[in-house]
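Residue-level structure breakdown
For reference, the chains in residue letters:
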Amino acid sequence: MNLLKSTGTIAGLTMVSRIFGFVRDIMLARILGAGAAADAWQLAFQLPNIFRRLFAEGAFSAAFVPLFNRKMEEDADRTAAQNFVVDVLSVFVPVLLVFTAVMMLVMPGLIWLIDDFGQGGRSGSFSLSLARITFPYLGLISITTLFAAILNSLSKFAAAAAAPIMLNICMITALLAAYLLNDGSDPRQTAYFLAIAVASAGLIQMLWLYYWARKTGFRFPIKMPRLTADVKELGILILPAVFGAGIYQVSRFIDLFFLGRLPEGSFVYLAMADRLNQLPLGIIGIALGTAILPALSRFIAKDDQAGAQRLQSNAIELAMLLTIPAAIALFFAAGPLVTSFYVGGNFLASDGQTTANVVAALVVGLPAYVLVKVLIPGFFARKDTKTPVYTAAISLIINIGLNLLLIPIYGIIGLAFAGAVAAWCNCAMLYYMLHSRGHYHLEWSLLLRIGRITLSAAGMAAVLVYAAPIGDSLYDGTIWERVGSITALVSVGGLVYAALAWLTGAIDRDKISMLTKKKAAEEAANEGS
């Protein structure tokens, strides 16, 4: 596997999705603002997404991919893999249907719990109806995960990476339709349009990946559920991973619990800030984590520990080369970015200032979030889905403790910072466990490279501190003034970082040169060079 090419494919399409997501959130901020309707919408949208991350982005793929790869190697005509897929689908679909139905029934109590036991003003019939419209998205997108896992296992990353774009397009279409109908004067109607768009997007994404999975030669007939030996093995692997991912999602749910006790607009502030934080996290962290799991599984299956070590080091180096400057740039340029992108219409300057402060707190943990995505495949590839459970549980306890300590003092900013600190604790524990078991260790050459990356990013930060105030009068100006000022600021920061990284040796020139040549890149990936 060509790590650079595979990561580039995923990251490129994820970047397109994040850009569409940016456009979506800009429209959301200006049309819905940060009022009660916007808070209700964010709550309804986040509930299925918490469970989507539980089923779709962690546990299932982590357990399914190694078993599917093993089945692929059993016979040349893929019969074993085909039967495995059908058996899994026959059990997976009923479980999802039952779970979705149960959640729809308990939705009133769930929203009441989040909404400060019904005292926060977000637990009325409006919020409940929005949540019930959006929640079926969970079942549809979770089935989509099975198709995505098959494609990723076959190193066909493009279709799955492109699927989230469809969600953003559906939501943008809904926002445009609502704006044309009511000129943004009826935020409740706009929220209903968005809820319908989310459910529709789940169906479209499922059909999209179903088509591409069938193109690989696999078929997906629905049969009566059968708990075969392979399905039981998958269940044994997936349950600890569900609890592990569940701990993280419990953390997200606890964030909702605390948000429900904060002033109106808090759901919106965190969602808008998280969009900026998720841009590099999604492009770099999720892309690398998705790309290296199949290759790491193959190295470990061959007992090639040296190859696994080099592959994971390459992933960490690439992640830090991109993530550290992104985090530092977001920290020092949060104000201009939030003002340029979000402030306007129903999103006031005061809303922008609060959102910028939340961004600065969130990105403190950005490198840790990405490193967790890169380190966890080191456990999943060895069929160890339990250790990440323990580290996630400890980090959850740390997060809750910090929330209780910081939120009374700093409000929503304290909540964001608590999550960042907990992420660093989780990262440290994951690395310690890999190192203590002899699975992976940081080499001095990599640590030196990370130090040079940090030094280069610090130089960029110094420039941004002086450059950012120059465009103060333009960040909230006309569309062209906003685009021009932000483009100039980002370009200056990017050029300074690139130049310093090149001069300090933060960029491995030989490796980049090698990886950009197709033949050499394939050899590098195969050898873990």
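Use the structure listed above.
Basis of the calculations
- Residues numbered from 1 in each chain as written.
- Predicted model: local features only at pLDDT ≥ 70, side-chain atom pairs only at ≥ 80, totals over all residues.
- Heavy atoms only, no water.
- Patch = residues over 30% accessible without salt bridge, like charges linked within 9 Å, V, L, I, M, F, W, Y side chains within 5 Å.
- Areas by Shrake-Rupley, 256 points an atom, 1.4 Å probe, with all protein chains shown as cover.
- Salt bridge = Lys/Arg side-chain N within 4 Å of Asp/Glu carboxyl O.
- Helix = DSSP H or I, 4+ residues; strand = E, 2+ residues; numbered from the N terminus.
- Buried < 20%, exposed > 50% of the residue type's maximum accessible area, 1.4 Å probe, protein only.
- Contact = heavy atoms within 4.5 Å.
- Axes fitted to C-alpha atoms, helices over the stretch in contact; angles between N-to-C directions.
- Parallel < 35°, antiparallel > 145°, perpendicular 65-115°, else oblique.
- Left-handed = near helix turned anticlockwise from the far one by under 90°.
- Nonpolar A, V, L, I, M, F, W, Y, C, P; charged D, E, K, R; others polar.
- Polar contact = N/O pair within 3.5 Å; in protein donor to acceptor, adjacent residues only side chain to side chain.
- Phe/Tyr/Trp six-rings, centres within 6.5 Å; stacked < 30°, edge-to-face > 60°.
- Lys NZ or Arg CZ within 6 Å of the ring centre and 35° of its normal.
- Disulfide = S-S within 2.5 Å.
- Core = buried A, V, L, I, M, F, W, Y, C linked by side-chain atoms within 4.5 Å.

**Comments concerning a nonpolar patch on the surface**
A contiguous nonpolar surface patch, about 680 Å² in accessible area, is contributed by Phe331, Phe332, Val364, Phe417, Trp424, Val465 and Tyr466. Taken together, the elements giving at least two residues each to the nonpolar patch come down to helix H10 (305–341), helix H15 (412–436) and helix H16 (444–467). With respect to the helices and strands, Val364 occurs in the loop between helix H11 (349–362) and helix H12 (366–375). With relative accessibility at 33%, the residue Val364 sits in the partly exposed group.

**Digging into the environment of Arg252**
Mapped onto the elements, Arg252 comes out in helix H8 (residues 229–259). A sequence separation of 202 residues divides Arg252 from Ile50, and the C-alpha atoms of the two residues are 7.0 Å apart. Among all residues touching Arg252, those that are not within four sequence positions of it are Ile50, Arg53 and Asp274.

**Details of the packing of helix H6 (residues 158–182) against helix H7 (residues 187–215)**
Viewed as axis vectors pointing N to C, H6 and H7 meet at an angle of 155°, and their least axial separation amounts to 8 Å. Accordingly, the angle class assigned to the pair H6 and H7 is roughly antiparallel. When the axes of H6 and H7 are compared, the crossing they make is right-handed. Taken together, the residues of the contact of H6 with H7 break down into 23 nonpolar, four polar and no charged.

**Thoughts on the side chain of Thr391**
Along the chain, Thr391 turns up in helix H14 (residues 387–410). Classification of Thr391 as buried rests on a relative accessible area of 4%. Of note is the side chain of Thr391, whose polar atom sits 3.1 Å from the backbone oxygen of Pro388. In this view, Thr391 contacts Asn426, Met429 and Leu430; residues no more than four positions away in its chain are not counted.

**Comments concerning the packing of aromatic side chains**
Here the structure, examined in full by the defined rule, presents 14 aromatic pairs. Consider the rings of Trp208 and Trp212, whose centres lie 5.7 Å apart with planes at 70°: the pair is edge-to-face. Of the two residues, Trp208 and Trp212 both sit in helix H7, four residues apart, roughly one turn of that helix. Looking at Trp212, the relative accessible area reads 30%, which means it is partly exposed. The structure contains a cluster of three or more aromatic residues connected by ring pairs, namely Phe64, Phe68, Phe84 and Phe218. The ring of Phe126 has Arg188 lying over it, and the distance from NZ or CZ to the ring centre is 4.3 Å. Of note, Arg261 hangs over the ring of Phe257, and the distance from its end group to the ring centre comes to 3.4 Å.

**Examining the state of the cysteines**
Summed over the entire model, instances satisfying the criterion amount to zero disulfides. There is no disulfide at Cys425, and the cysteine sulfur nearest it, in Cys427, is 9.9 Å away.

**Some details on the nonpolar core**
The tendency in soluble globular proteins is for nonpolar side chains to be buried as a group. Core analysis: the largest hydrophobic core is formed by 114 residues, its most contacted members being Trp41, Leu47 and Ile316. For this core, the element with the most residues is H10, which contributes 13 residues. If we ignore the near neighbours within four places in the chain, the residues touching Leu47 are Met107, Leu110, Ile111, Ile114, Ala131, Phe135 and Leu256. By size, the runner-up hydrophobic cluster in this structure holds 37 residues, among which are Leu67, Phe84, Val88 and Ile150.

**Details of the pattern of salt bridges**
Per the stated rule, a full pass over the model turns up six salt bridges. As a salt-bridge pair, Arg449 and Glu317 come within 3.5 Å of each other at their nearest N and O atoms. Here Arg449, found in helix H16, pairs with Glu317, found in helix H10; they are 132 residues apart in sequence, far enough to count as distant. Accessibility assignment for this pair places Arg449 and Glu317 in one class, buried. Between Arg437 and Asp384 there is a salt bridge; the shortest N-O distance is 2.7 Å. Pair noted here: Arg437 is in the loop between H15 and H16 and Asp384 is in the loop between helix H13 (377–380) and H14, with a separation of 53 residues, a long-range link. With relative accessibility at 17%, the residue Asp384 sits in the buried group. The network of salt bridges with common partners includes Arg24, Asp25 and Arg275.

Read these as layout, nothing more, since geometry by itself doesn't imply function.
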